[in-house]
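Listed below are the residues making up each chain.
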Amino acid sequence: MSRVFNFSAGPAILPEPVLRQVQEELLDWRGSGMSVMEMSHRDKDFMSIATEAEATLREILAVPAGYKVLFMQGGATGQFAFVPMNLLHNKVAADYVVTGAWGQKAAKECAKYGKAHIAAKPEKFTSIPAVASWKLDPDAAYLHYTPNETIEGVEFHFIPDVGKVPLVADFSSTFLSRPLDVSKFGLIYAGAQKNAGPAGVTMVIVREDLIGHPHPLLPSAFDYKAVAENESMLNTPPCFSWYVTGLVFKWIKSEGGLAEIGKRNEHKAKLLYDYIDSQPFYRNPIEKSSRSWMNVIFTLANAELDGDFLKGAAKAGLPGLKGHRSVGGMRASIYNAMPEAGVQALVNYMKEFVRTRG
Ligand code: PMP
């Protein structure tokens with residue numbers, strides 16, 4: 001068996017100890033005589049898996065009292081609709097700060113249920129516009145933003161202060177990448193398949209006072225209040241993904257928690273950006289203060305070499321580097337589970353490619 005350094009944007013690399021534990025427990029979960037895939041979600045074994053996953057997530061993220069933690073289906077794209085359908089309540093509009101393609105999609109989906117007021121949107125998605133320049137709607141139900149835009153590689157390295165309006169954030173591609181003050185948010189959501197586990201489960205952390213006023217057409221399975229009252233088991237949850245995310249949370253804890261994970265992520269990103277900035281062949285167009293720690297995009301000086309670069313990288317055990325089709329070039333996704341050795345191997349490959357083909 002040989003494992004590669006997988007730079008895919010998501011589904012993405014998972015911590016090897018987690019995969020090994022899954023393998024070990026696959027046929028017989030801790031003496032139960034069955035796989036987690038085969039368990040009833042009402043069984044006490046699965047209930048213990050579910051409860052422990054939530055408790056570990058609350059612990060590593062230091063989720064304050066007064067917040068519900070939900071394990072849902074429908075992906076982050078589902079949340080683009082569930083957020084306005086749950087939170088608009090008696091308001092007409094919500095503010096959207098659009099710093100990339102995913103924020104744009106979130107705003108478009110909201111517009112089906114209310115007014116998605118664009119509070120800020122730069123012409124090019126290469127930086128975070130200054131908060132002072134945002135045009136806020138004083139009557140917005142919430143302000144939505146995307147802390148990390150996975151496609152463009154643009155990240156907020158701060159939590160915007162917008163006064164009283166609840167902050168809602170799509171953390172999908174930077175969830176659990178560093179410590180986070182959850183108390184600053186009304187709601188955060190994240191699909192698991194980047195930093196937290198396999199596809200199929202979406203975490204929602206929501207302030208209790210914001211829920212309970214659903215849009216009349218909101219399906220019950222996506223009503224935060226109803227889901228919370230049923231401990232995310234209003235219907236059959238994505239059991240296996242929930243189980244694996246629980247193991248990833250424990251892995252984070254055993255690695256030293258989010259403070260340690262954050263240090264490593266900052267260091268890995270610096271390694272790659274420093275190399276990109278040190279020479280003329282590769283280029284990253286993002287304003288330095290807004291560069292993502294998770295998704296590092298770069299172009300080659302000669303785009304005709306893109307195909308050869310990707311082929312050679314895959315051969316060298318570095319797959320998944322093709323940039324999103326809408327922006328082209330390359331993208332190295334270096335989530336929590338990517339070891340520094342993987343980033344170093346990429347830098348070495350990039351250097352060698354310039355030496356032989358540049
Ligand atoms: N938001 C962000 C920031 C993402 O990166 C993605 C997936 N790449 C999505 C939303 C959509 O997620 P899903 O496919 O789970 O709906």
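For every chain, the first residue of the written sequence is number 1, and numbering continues from 1 along that sequence. Local features in a predicted model are, by the rule used here, given only for residues with pLDDT of at least 70; side-chain atom pairs are given and counted only at 80 or more, and totals for whole chains, interfaces and linings are based on all residues. Note that water and hydrogens are dropped before the side-chain values are worked out from all heavy atoms of the structure.

Would you explain the overall build of the protein in this entry?
Counting from the N terminus, the helices are DSSP H or I runs at least four residues long and the strands are E runs at least two residues long. The helix and strand inventory of the protein stands at 9 helices and 12 strands. Here the globule rule reads 2.2 Å times residues to the power 0.38, and the radius of gyration is calculated from C-alpha atoms. Taken against the 2.2 N^0.38 rule, which gives 21 Å for 358 residues, the C-alpha radius of gyration of the protein at 21 Å falls within 12% of a compact globule. The dimensions of the protein, computed from C-alpha atoms along their principal axes, are 60 × 55 × 30 Å. Counting only residues that meet the buried cut, the protein has 54% of its 358 residues in that class. Two residues form a contact once any of their heavy atoms are found within 4.5 Å. Considering only intrachain contacts with a sequence separation of at least 6, the fraction spanning at least 24 residues in the protein is 66%. Per-residue accessibility takes into account occlusion by the displayed protein chains alone, with areas from the Shrake-Rupley method and a 1.4 Å probe. Here the protein has roughly 15,700 Å² of accessible surface; of this, 54% comes from carbon and sulfur atoms. Averaged over its 38 positive side-chain charges, the protein has a centre that lies 5 Å from the centre of its 37 negative ones. Partly exposed residues are those whose accessible area sits between 20% and 50% of the maximum for their type, while under 20% is buried and over 50% is exposed, using a 1.4 Å probe and protein chains only. The charge count includes Lys and Arg as positive and Asp and Glu as negative, but it does not include His or the ends of the chains. To locate a charge, take NZ of a lysine, CZ of an arginine, CG of an aspartate or CD of a glutamate.

Explanation requested: the site of the ligand in the structure shown.
Around the ligand sit 13 residues, and of these Thr77, Thr150, Asp170, Gln193 and Lys194 come closest. Here Ala76 contributes a backbone N or O atom positioned 3.2 Å from an oxygen atom of the ligand. Counted as a polar contact is a pair of N or O atoms within 3.5 Å, where, for protein atoms, one must be capable of donating a hydrogen and the other of accepting one, and residues adjacent in sequence contribute only when both atoms are in side chains. Contact between the ligand and Asp170: a nitrogen atom at 2.6 Å from a side-chain N or O atom of the residue. Relative to its free-state accessible area of 400 Å², the ligand is covered by the protein chains to the extent of 84%. Residues are counted as near a molecule or strand when any one of their heavy atoms sits within 4 Å of it.

Please clarify how the nonpolar core should be interpreted in this entry.
Within soluble globular proteins, side chains that are nonpolar generally end up buried alongside one another. As used here, the term nonpolar core means buried Ala, Val, Leu, Ile, Met, Phe, Trp, Tyr and Cys residues forming a set that is joined through side-chain atoms within 4.5 Å. If you look at the biggest cluster of nonpolar residues, it comprises 58 residues, and the most contacted ones within it are Leu57, Leu61, Phe175 and Leu176. Per-element accounting of this core gives the leading share, 9 residues, to helix 6 (residues 239-254). Those residues in contact with Leu57 that lie beyond four places of it in its chain are Ala62, Val63, Val69, Phe71, Phe175, Leu176, Met203 and Phe249. In terms of nonpolar packing, the next biggest core, distinct from the first, is built from 34 residues, Ile276, Tyr282, Leu318 and Val343 among them.

Can you walk me through the domain arrangement of the protein in this structure?
Many analyses report the size of an interface as the accessible area lost when the parts associate. An automatic or database domain assignment supplies the start and end points of every domain. For the protein, the domain assignment lists domain 1 (16-254) and domain 2 (257-357). Taking only C-alpha atoms, the centre of domain 1 and the centre of domain 2 are 27 Å apart. In this assembly, 26 residues from domain 1 lie in contact with 25 residues from domain 2. Summed over both sides, the interface between domain 1 and domain 2 buries roughly 2,000 Å², with carbon and sulfur atoms accounting for 58% of that surface. Salt-bridge detection follows one rule: a side-chain nitrogen of Lys or Arg within 4 Å of a carboxyl oxygen of Asp or Glu. Taken together, domain 1 and domain 2 are joined by 0 salt bridges. Inspection of the region where domain 1 meets domain 2 yields 13 residue pairs in polar contact (both at pLDDT 80 or more). When residues of the side of domain 1 that touches domain 2 are traced back to their parent elements, those giving at least two are helix 2 (44-61), strand 6 (154-155) and helix 6. Examining the composition of the side of domain 1 that touches domain 2, we find that 3 residues originate from one element, helix 6, more than from any other. Take the accessible area each of two parts loses on contact, using a 1.4 Å probe, and add the two losses: that sum is the buried area.

Whenever I open this one, the sheet that holds strand 12 (residues 330-333) confuses me. Can you help?
The pairing of strands in a sheet comes from backbone hydrogen bonds and takes either a parallel or an antiparallel form. Pairing between two strands is assigned when DSSP locates at least 2 bridges connecting them. With respect to topology, 3 strands assemble into an open sheet ordered 10-11-12, the strand pairing being antiparallel. Both edges of this open sheet fall to strand 10 (282-283) and strand 12, since each of them pairs with a single strand only. Sheet analysis places strand 10 next to strand 11 (residues 295-300), joined by 2 bridges and oriented antiparallel. Looking across to strand 11, one finds that Tyr282 is bridged to Leu300.

What exactly am I supposed to notice about the packing of helix 3 (residues 75-87) against helix 4 (residues 101-110) here?
The relative placement of two packed helices is expressed as an angle between their axes plus a distance between the axes. Helix axes use the C-alpha atoms of the stretch in contact, all axes being lines fitted to C-alpha atoms, and the angles between their N-to-C directions lie in the range 0 to 180 degrees. Helix 4 packs onto helix 3 with a crossing angle of 45 degrees between their chain directions and a minimal axis gap of 8 Å. Here helix 3 is positioned oblique relative to helix 4, judged by the angle of their axes. Here helix 3 runs over helix 4; the crossing is right-handed. Note on element contacts: helix 4 touches helix 3 through Trp102, Lys105, Ala106, Glu109 and Cys110, opposite Thr77, Phe80, Ala81 and Pro84. Gly falls in the polar group here, along with every residue not listed as nonpolar (Ala, Val, Leu, Ile, Met, Phe, Trp, Tyr, Cys, Pro) or charged (Asp, Glu, Lys, Arg). For the contact of helix 3 with helix 4, the residue count by class is 6 nonpolar, 1 polar and 2 charged. Any angle that is under 35 degrees is reported as roughly parallel, and any over 145 degrees as roughly antiparallel; angles of 65 to 115 degrees are reported as roughly perpendicular and all others as oblique. By convention the crossing between two helices is left-handed if the near helix lies anticlockwise of the far one by an angle smaller than a right angle, and right-handed if it lies clockwise.

Can you walk me through the pairing of strand 8 (residues 187-191) in this structure?
In the case of a regular strand, side chains alternate between the two sheet surfaces. The buried count for strand 8 comes to 5 of 5 residues, which makes it a mostly enclosed element. Every second residue of strand 8 is oriented toward a common face, with Leu187, Tyr189 and Gly191 on one face and Ile188 and Ala190 on the other, all of them buried. Relative to strand 8, strand 7 (residues 167-170) is paired through 3 bridges, and the arrangement is parallel. Bridge pairing in strand 8 places Ala169 opposite Ile188. Note: strand 8 against strand 9 (residues 202-207), 5 bridges, orientation antiparallel. Residue pairing across strands places Gly191 opposite Thr202, the latter belonging to strand 9.

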